[in-house]
Amino acid sequence: MSYLQPTRKATYIAGSKYRRKAYGSNHPLAIPRVSLATELIDAYGALTADEFLQARKAADFELEWFHTPEYVSAFKRAEALGRVSNPVRQRHQLGTLENPYFEQFFTIPATATGASIQAAEEVIRGRIAFNPAGGMHHARPDQAHGFCYFNDPVLGILRLRREGWRVLYVDIDAHHGDGVEAAFADDSEVFTLSLHMDSRYAYPFKGGQLSDTARAGNTSLNVPLPKDTNDAEYRMLFDAVWQPVLDRFRPDAIVLQAGTDMIFADPLGKLGLSTQGFLATAQTILDTSPQHADGTPRLLVTGGGGYHPLVLARAWAGLWALLSGRELPEALPSAGAAALRAVDWDMDEEEAHYEQLFTSRLDVPGNLNVRPEIDDLVLSIQQHPFLQTP
Ligand SMILES: [Zn+2]
């Protein structure tokens, strides 16, 4: 096959090119995700063998940079036993409806997490890195939360911190990156920026407000988004925070959590962004990242939420193309379209956008009117204490 050649040094990390069934069968994450995105990228001829890195399982000692030894060992014991005991379920929130038990219960999340540590090491050695299986931003040291078992963004950041780097974490997933924010609330060398559905109507139903500035002085900034936030509105809000935070914090590296549940068709997301809006945000982050001496951005990108498999695969294929410096044609290649058609998915087949999911990697542009509440939110952002410091 013919390949589109990359113009940037980037590494794509994944466990296997084949699908591993996680989360059982009755869960929003029981859909093909990374395997489908990889298949679509392959169909474009946009991933060479040199760029692919096989994910490895995180070692226990690495998981314990953030997680408690009790949590790690309870997790491993559950995989060995083939079930979660009641005390473990209660204490660690494992094996619940939200965070269900499945085959390879420890191995699958530990591998997605190892990949974020590998991604940090790729960034340290001078490459951009993308771990689409990562981005499990809700996990806590001792508990699973919100479908997240190990907090791989935290571990990736901690690997970068071992180089003495200051890290800016930017989370564009539709949900508040609460686990990452909490992990670094006392570390002035890590700043967390999250744009997300307002917790007054969305998970995790608390925190994440503009006024919730982290305790130990200015280590986080949250932008709560109203329902149906569109591309133009998101752009205004993103521009109000991004460059000012970069200028004040001056990071050595950026970690981007790129969940696709911010895109309009997502069944759990309530925002109104297009795939183009998602990609334009990633492009700005890429263009403004701190760089190595040769100009390669110091940028670690993880996946994240995203519950519409077709939207997710299109968005991450486009994201990988941006990161690796490739121009993808807008039309889906026939092998890619066939891979999307083969997915058992009909949740939105009555909707106007549905057919287009199989023909183009981009969406029909939506409404671009800016509501007055967005202007008000921009003004409030400009008054944020962190952005008032010189
Ligand atoms: Zn999410």
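Refer to the preceding data block for the structure.
Residues numbered from 1 in each chain as written. Predicted model: local features only at pLDDT ≥ 70, side-chain atom pairs only at ≥ 80, totals over all residues. Heavy atoms only, no water.

(A) Just the coordination of the zinc ion, in detail. The coordination sphere of the zinc ion contains the protein donors D173 (OD), H175 (ND1) and D261 (OD), at a distance range of 1.9 to 2.1 Å. Linear spacing of the donor residues for the zinc ion on their chain is D-x1-H-x85-D. Taking the relative accessible area as the measure of exposure, D173 reaches 1% and is therefore buried. (Donors = N, O, S within 2.8 Å, 3.2 Å for Na, K, Ca; no water. Buried < 20%, exposed > 50% of the residue type's maximum accessible area, 1.4 Å probe, protein only.)

(B) Spotlight on the nonpolar core. Residues Y12, F278 and L319 are the most contacted members of the largest nonpolar core, which totals 82 residues. Top element by residues in this core is helix 10 (residues 309-324). It accounts for 12 residues. Leaving out residues up to four positions away in the same chain, L319 has contacts with F130, A258, F278, L279, A282 and V301. (Core = buried A, V, L, I, M, F, W, Y, C linked by side-chain atoms within 4.5 Å. Helix = DSSP H or I, 4+ residues; strand = E, 2+ residues; numbered from the N terminus. Contact = heavy atoms within 4.5 Å.)

(C) Main features of the pairing of strand 7 (residues 253-257). Counting buried positions along strand 7 yields 5 of 5 residues, so the element is predominantly enclosed. With 5 bridges connecting them, strand 4 (residues 167-171) and strand 7 associate as parallel partners. Residue Y169 lies in a different strand from strand 7, and its bridge partner there is V255. Here 4 bridges tie strand 7 to strand 8 (residues 299-302), and the two strands are oriented parallel to one another. Each bridged residue has a counterpart across the sheet, and for L256 the counterpart in strand 8 is V301. Following the chain from strand 7 across helix 9 (residues 275-288) to the adjacent parallel strand 8, one finds a crossover that is right-handed. (Pairing = 2+ DSSP bridges. Right-handed = clockwise from strand over helix to strand, strands pointing away.)

(D) Main features of the environment of L36. With respect to the secondary-structure elements, L36 resides in helix 1 (residues 34-43). Considering only alpha carbons, one finds L36 and L271, 235 residues apart in sequence, at a separation of 23 Å. Excluding its chain neighbours within four sequence positions, the residues that come into contact with L36 are P309, L310, A313, A339, L340 and V343.

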